[in-house]
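A structural walkthrough
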Amino acid sequence: MTGREGDDEHDHGPDCDCPNCGDPRSMDVLDKYLTVWIFAAMTVGVGLGYVAPGVVAPIQEYHLVEIGLILMMYPPLAKVDYRRLPTVFRKWRVLSLSLLQNWLIGPTLMFLLAVIFFSGLVPPFPAHPEYFLGLVFIGMARCIAMVLVWNDLADGSSEYAAGLVAFNSVFQILTYGVYVWFFALFLPPLLGMDALVAGIGAFEITVEQVFRAIALFLGVPFAAGVLTRLGGVRTRGAEWYNEEFVPTISPLTLIALLFTVVVMFATQGDNILAQPTDVLWIAVPLTIYFVVMFLVSFAMGRGIGADYSTTTAIGFTAASNNFELAIAVAVAVFGVGSGVAFATVVGPLIEVPVLLALVHVAIRLQERFDWAGYETGSLGPTEPDVGTDLDPDRTTETDD
């Protein structure tokens, strides 16, 4: 694979000492011990929510979780070379694979896991309609926020991650309500789950609800990233932007991630300690989902001959979910105290440690496999940024 923006083009590997490489030996303290910091943040958050439940109100009032998520997404989007996005959208093999993973394999897998664990059809698991619906809400909400962080940590392609997230987000605005209706209300009776549907009851999801969540959690940091790059390159030049500004803002991703984990777990401290069995019960199918989706998608990316950075972006965009959308819709439709909302909130609590572990898996797969000749989706070299020119014709890539 090739280096990130500002790096000389070279092959990364276990002996690479590049500071932007995924090799753990080249990471700084924050990166290298991120697993420790994540679990420490989770512990602090749960403890804070349990010992001082009064913190929940200001966290919600001042939208601290939302602010943390937006700050967390900003650096990866500011690193994107937006001149390459038109080329990304011309890579039909990668886009087709992403559509297949996100809108057929992912929803179907989550639905099957929801049926196994919460439909009551599979002994010894009893029926739990609200948790079933919560998993459906999560499974139909495709990648947006944290996928950019996991992809960045694993040294995946920033351009592909941004492009695939934007691509799937547009698709999601049009289809989320239809998918939830199909998998939660239409399909279950055909499989003999009439009682489960009766327990769920009638509900409606509007396009406005979906659009609002996507505009906030993707639109705001996306616009900030584009404007920062345009302004930075125009006023100070590409060399300063890539070599000075980008490294300066990069730690913000992990700092904001840790902050978000603390406040997110603090809002659920009481529930986690009051219902630990339910949390674990919901965690099992979610963990299976994240791991299976990443490994299958990574294998499919390598199977079409994609290079490491593209394969990694494919894997994480398929494995991650837009839990912000799932939570927002669940709260709006069923209320903050509902079992549906509780199940959707457990989603990111499980996603954080599991996807972080998969970052390390991706790095190991980078080292283990020979990536020579894997060039599908490769964006190739680009000429240095000049002013604010975003002309895609300046790239030398060929379409797949």
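Structure shown above.
The sections below set out a description of the structure shown in this document. (Residues numbered from 1 in each chain as written. Predicted model: local features only at pLDDT ≥ 70, side-chain atom pairs only at ≥ 80, totals over all residues. Heavy atoms only, no water.)

1. Section: the packing of aromatic side chains
Inclusion rule: Aromatic rings from Phe, Tyr and Trp, with only the six-membered ring used for Trp, were paired whenever their centres fell within 6.5 Å, and each pair was classed as stacked if the ring planes differed by under 30 degrees, edge-to-face if by over 60, and tilted otherwise. Two limits define a charge over a ring: the Lys NZ or Arg CZ must be within 6 Å of the ring centre, and within 35 degrees of the ring normal.
Under the counting rule described, the total for this entry stands at 27 aromatic pairs. Ring geometry for Phe182 versus Phe183: centroids 5.1 Å apart, planes at 90°, classification edge-to-face. Three or more aromatic residues joined by ring pairs make a cluster, and in this case those are Trp103, Phe111, Phe132, Phe171, Tyr179, Trp181, Phe182, Phe183 and Phe186. The ring of Trp371 carries Arg302 above its face, with NZ or CZ at 4.7 Å from the centroid. The cationic tip of Arg302 hangs over the ring face of Tyr374; the distance from NZ or CZ to the ring centre is 4.1 Å.

2. Side note on the environment of Ala313
Heads up, the rule is: The way it works is that DSSP assigns letters per residue, a run of H or I at least four long becomes a helix, a run of E at least two long becomes a strand, and they are numbered from the N terminus.
Inspection of the secondary structure assignment puts Ala313 in helix α16 (residues 308-319). With 162 residues separating them in the primary sequence, Ala313 and Asn151 have C-alpha atoms 5.8 Å apart.

3. Focus: a nonpolar patch on the surface
Convention followed: Residues forming no salt bridge and having over 30% relative accessible area are the ones grouped into patches, like charges within 9 Å of each other and nonpolar side chains (Val, Leu, Ile, Met, Phe, Trp, Tyr) within 5 Å. What sets the accessible areas is the Shrake-Rupley method with a 1.4 Å probe; for residues, cover comes only from the shown protein chains. Should a side-chain nitrogen of Lys or Arg be within 4 Å of a carboxyl oxygen of Asp or Glu, the pair is scored as a salt bridge.
A grouping of Val178, Trp181, Phe182, Phe186, Leu190 and Leu191 is seen on the molecular surface, where their side chains present a nonpolar patch of about 590 Å² in accessible area. Mapped onto the fold, Leu190 is located in helix α9 (residues 158-190).

4. A closer look at the environment of Val165
Structurally, Val165 is set in helix α9. Sequence-wise, Val165 and Ala313 are 148 residues apart; in three dimensions their C-alpha atoms are separated by 9.7 Å.

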